[in-house]
Amino acid sequence: MADSDYSQKDFIGEQVKHEDVVTITRVRSDRVFYRQFIRDPNQAKTSGHPRWYGDKFDLKDDQTWTEPDEVHHVPFTTKKGRQLTVTISGWKQMLMRGTKNYKMNNHPFTLLQIVVRDQERNSIWKPMWLIVIGSRRDELSLVDCYQCYRQRYDMEHLFRFGKQRLLMTSYLTPDVHHEENWFKLTLLSSVNLWAARKLAVVLPRDWEQYLKTNKSIKITPSLVQRDFSRIITTLGTFAKFPKRRGFSSGRIKGYKKAPRTRHDVIKKGSKKSTENLKAP
């Protein structure tokens, strides 16, 4: 699952190379797609380049939309008890424009429109558009695709908490393998916080008076981390104390380490500065 920044052909074109990967990305509401052109078998073949793209499908112009191939209505209740209905419409065999490097005409996808309505059938949010692409995309139903994309918000919260509290991006190393190992350690630490959520005790700070008065406060990962030192002391550990096994002999005399590969520095484009206009 990914947001609209990853709905471009340079990202999707790399993901479709994996047979067992199904990518679900959100797209902006001003994108233009096309129906896959299917030639009539009774029509005589003509010379020239074969036609790939069919009718235009403009997301911001409902006059170009065709009847969806599938429509599902899913009712759900919010935490505050509000009754809502999610309407999922799906158009199959859609195409996007490709480039010389990415032949997107060979990779059709399923386009989803998500509309949330209240009991009076009024739309409460703007329609959300999703792309489901991959060779095994038909194994997922429209409801499965929508529920999978909803998990992206949990991932965003994990990344935010990991960067702020679990030092996810604090370890700087030029080795990709070391960076991946550090990322796995941060994920394991988040799993430990989740496993210890029932053992944690709320420890409010002096200025957090609302935590002292509210008895049914929800235990968040931050509160579990605050009390995790006490949890560790009560549980104990099976790890043994480290023992010195001697001193390292160091590098062999005359050994020269190969220098690291120099890479070009990627700089972001400077934003145009706007002068502050003063009122006369």
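Residues numbered from 1 in each chain as written. Predicted model: local features only at pLDDT ≥ 70, side-chain atom pairs only at ≥ 80, totals over all residues. Heavy atoms only, no water.

Regarding the pattern of salt bridges
One side chain can pair with another of opposite charge once the charged atoms of both are near each other. If you walk through the whole model with that rule in mind, you get 11 salt bridges. By sharing partners, the salt bridges in this structure join D20, R136 and E139 into a single network. (Salt bridge = Lys/Arg side-chain N within 4 Å of Asp/Glu carboxyl O.)

Topic: the domain arrangement of the protein
Entries for the protein in the domain assignment read domain 1 (4-39 + 49-153) and domain 2 (176-235). Centre-to-centre separation of domain 1 and domain 2, based on C-alpha positions: 37 Å. (Domains from an automatic or database assignment.)

A closer look at the nonpolar core
Ranked by size, the top nonpolar core spans 16 residues in total, and within it F33, F109, L111 and I131 carry the most contacts. Within the residue set of this core, elements represented by two or more residues are β5 (83-95), β6 (109-117) and β7 (128-133). Among the elements that line this core, the one with the most residues is β7, at three residues. Aside from chain neighbours lying at most four places away, what touches F109 is F33, W91, K92, Q93, M94, L95, M96, I131, V132, I133 and R137. With 14 residues, the next largest nonpolar core counts I114, L130, V132 and L142 among its residues. (Core = buried A, V, L, I, M, F, W, Y, C linked by side-chain atoms within 4.5 Å. Buried < 20%, exposed > 50% of the residue type's maximum accessible area, 1.4 Å probe, protein only. Helix = DSSP H or I, 4+ residues; strand = E, 2+ residues; numbered from the N terminus. Contact = heavy atoms within 4.5 Å.)

With respect to the environment of D30
With respect to the helices and strands, the residue D30 is situated in the loop between β1 (23-27) and β2 (32-36). With 231 residues separating them in the primary sequence, D30 and T261 have C-alpha atoms 42 Å apart. Contacts of D30, omitting those with residues within four sequence positions, involve D58 and K60. Among the polar contacts made by the side chain of D30, one reaches the side chain of R28 at a distance of 3.1 Å. (Polar contact = N/O pair within 3.5 Å; in protein donor to acceptor, adjacent residues only side chain to side chain.)

With respect to the side chain of D227
Here D227 shows up in the loop between α6 (221-226) and α7 (228-235). Looking at D227, the relative accessible area reads 2%, which means it is buried. Apart from residues no more than four positions distant in its own chain, D227 is found in contact with L199, A200, V201 and L203.

Considerations on the pairing of β2
As judged from the four bridges shared by β2 and strand β3 (residues 53-58), these two strands associate in the antiparallel manner. Bridge assignment links V32 to a residue of β3, and that residue is D58. Here β2 runs beside β5; their pairing, made up of two bridges, is antiparallel. Counterpart to R35 in the pairing with β5 is M94. (Pairing = 2+ DSSP bridges.)

Thoughts on helix α3 (residues 152-165)
The end-to-end C-alpha separation of α3 is 20 Å, in line with the 20 Å expected for 14 residues at 1.5 Å each. Along α3, the residues that are buried comprise R152, F161 and G162. Of the surrounding secondary structure, the elements contacted by the buried residues of α3 are α2 (142-150), α4 (176-195) and α6. Looking at the residues trailing α3, positive phi occurs at L167, about 60 degrees. (Expected span 1.5 Å × (residues − 1).)

Overview of the packing of aromatic side chains
One pass over the structure, following the stated rule, counts 11 aromatic pairs. Relative to F109, the ring of F33 has its centre 5.3 Å away and its plane inclined at 75 degrees; by these criteria the two rings are edge-to-face. One end of the pair, F33, is in strand β2; the other, F109, is in strand β6, with 76 residues separating them in the sequence. The pair formed by F33 and F109 is uniform in burial state, with each residue classed as buried. When the ring of Y149 is compared with that of Y153, the centres are 6.2 Å apart and the planes differ by 85 degrees; the resulting orientation is edge-to-face. Overall, the relative accessible area of 0% leaves Y149 in the buried class. (Phe/Tyr/Trp six-rings, centres within 6.5 Å; stacked < 30°, edge-to-face > 60°.)

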